[in-house]
Amino acid sequence: MKSPLTNVILAGSVCIAIMIGYGALYNYVAAESVTVANTEKQIIAKTGTESRIASTRASLTEIANDETNIQSYFIPETGVVSFIDALQTQAKVLNATTSILSVSMSGIGMQAELKTALTIKGTFDSVMRTIGAIEYMPYDLSISALSLEQDAKNMWHANLNLVVGSISVGIATSTP
């Protein structure tokens, strides 16, 4: 039989070993908890970054659409003929005739302007409606000079100088 002192020492040793094991496991779990917390912070940061990137891409897509819409108000160098045709068609629809006197480009880059001088002939009503229709065309357009005269046969003609915003063909209009 064993003495009670041996049993107490053996039980104490087992308790001390269990406490040391518990402490070691507790420290291991605490260290892993810190690692998990750091990993969670990294995941949250990357998720936030990813959502900001997605938001930025969506904003850039909207801006690109807006840029395309705004550029439609400017005449590219290659679209001058179609603009002149649109002026003449607008006058025909309103029973007037349009004669283009001169067309010139001024400025460079995004500050380019198309300067056009034209004459509109017809009745007073058709001339004024044509001027109004031209003024409200969907372009960056302003009338820099206007004069109205009446002929002997109750025919009117208007001399008109237009300044229209233009875009040079060589300029990049959007970002990749």
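Details of the structure are given in the entry above.
Keep in mind that this is a model prediction, so the values were computed, not measured.

Caption draft 1: Geometry of the side chain of Thr130. The topology assignment puts Thr130 in helix α3 (residues 124–135). The exposure class assigned to Thr130 is buried, which follows from its relative accessible area of 0%. Those residues in contact with Thr130 that lie beyond four places of it in its chain are Ala91, Leu94, Ala96 and Ile120.

Caption draft 2: The arrangement of the pairing of strand β4 (residues 141–150) in detail. Pairing of β4 with strand β5 (residues 156–167), which is carried by nine bridges, proceeds in the antiparallel orientation. Each residue of the ladder has a partner; that of Gln150, found in β5, is Trp156. Taking the residues between adjacent antiparallel strands as the criterion, β4 and β5 are bridged by five residues, where Asn154 takes a positive phi near 60 degrees.

Caption draft 3: Inspection of the pattern of salt bridges at higher detail. Overall, the coordinates contain one salt bridge when judged by the stated rule. A salt bridge links Arg129 to Asp125; the shortest N-O distance between them is 2.9 Å. With Arg129 and Asp125 both in helix α3 and four residues apart, the pair spans about one turn of that helix.

Caption draft 4: Quick peek at the packing of aromatic side chains. What the rule picks out here adds up to three aromatic pairs. Between Phe83 and Tyr139, the ring centres sit 5.2 Å apart and the planes meet at 90 degrees, which makes this aromatic pair edge-to-face. Here the residue Phe83 occupies a position in helix α2 (residues 80–93), and Tyr139 occupies one in the loop between α3 and β4, the gap between them amounting to 56 residues. Considering the side-chain rings of Phe124 and Trp156, the 4.9 Å spacing of their centres and the 65 degrees angle between planes classify their relative orientation as edge-to-face. Of this pair, Phe124 sits in helix α3 while Trp156 sits in strand β5, and the two are 32 residues apart along the sequence. Judged by its relative accessible area of 19%, Trp156 is buried.

Caption draft 5: Molecular detail of α2. Under the 1.5 Å per step criterion, the end-to-end length of α2 is 20 Å for 14 residues, consistent within 8% with the ideal 20 Å. Within the span of α2, buried status applies to Val80, Phe83, Ile84, Leu87 and Ala91. Across the axial projection of α2, the buried residues extend over an arc of 100 degrees, all falling on one side. Relative to its buried face, α2 has exposed residues pointing more than 90 degrees away, namely Val81, Lys92 and Val93. Summarising the contacts, the buried residues of α2 are in contact with β1 (75–76), β2 (97–106), β3 (113–122), α3, β4 and β5. Among the residues trailing α2, Asn95 stands out with phi positive, at a value near 60 degrees.

Procedures and definitions
- Residues numbered from 1 in each chain as written.
- Predicted model: local features only at pLDDT ≥ 70, side-chain atom pairs only at ≥ 80, totals over all residues.
- Heavy atoms only, no water.
- Helix = DSSP H or I, 4+ residues; strand = E, 2+ residues; numbered from the N terminus.
- Buried < 20%, exposed > 50% of the residue type's maximum accessible area, 1.4 Å probe, protein only.
- Contact = heavy atoms within 4.5 Å.
- Pairing = 2+ DSSP bridges.
- Salt bridge = Lys/Arg side-chain N within 4 Å of Asp/Glu carboxyl O.
- Phe/Tyr/Trp six-rings, centres within 6.5 Å; stacked < 30°, edge-to-face > 60°.
- Expected span 1.5 Å × (residues − 1).
- Arc of directions from axis to C-beta.

Geometric descriptors of this kind do not, in isolation, establish any biological role.
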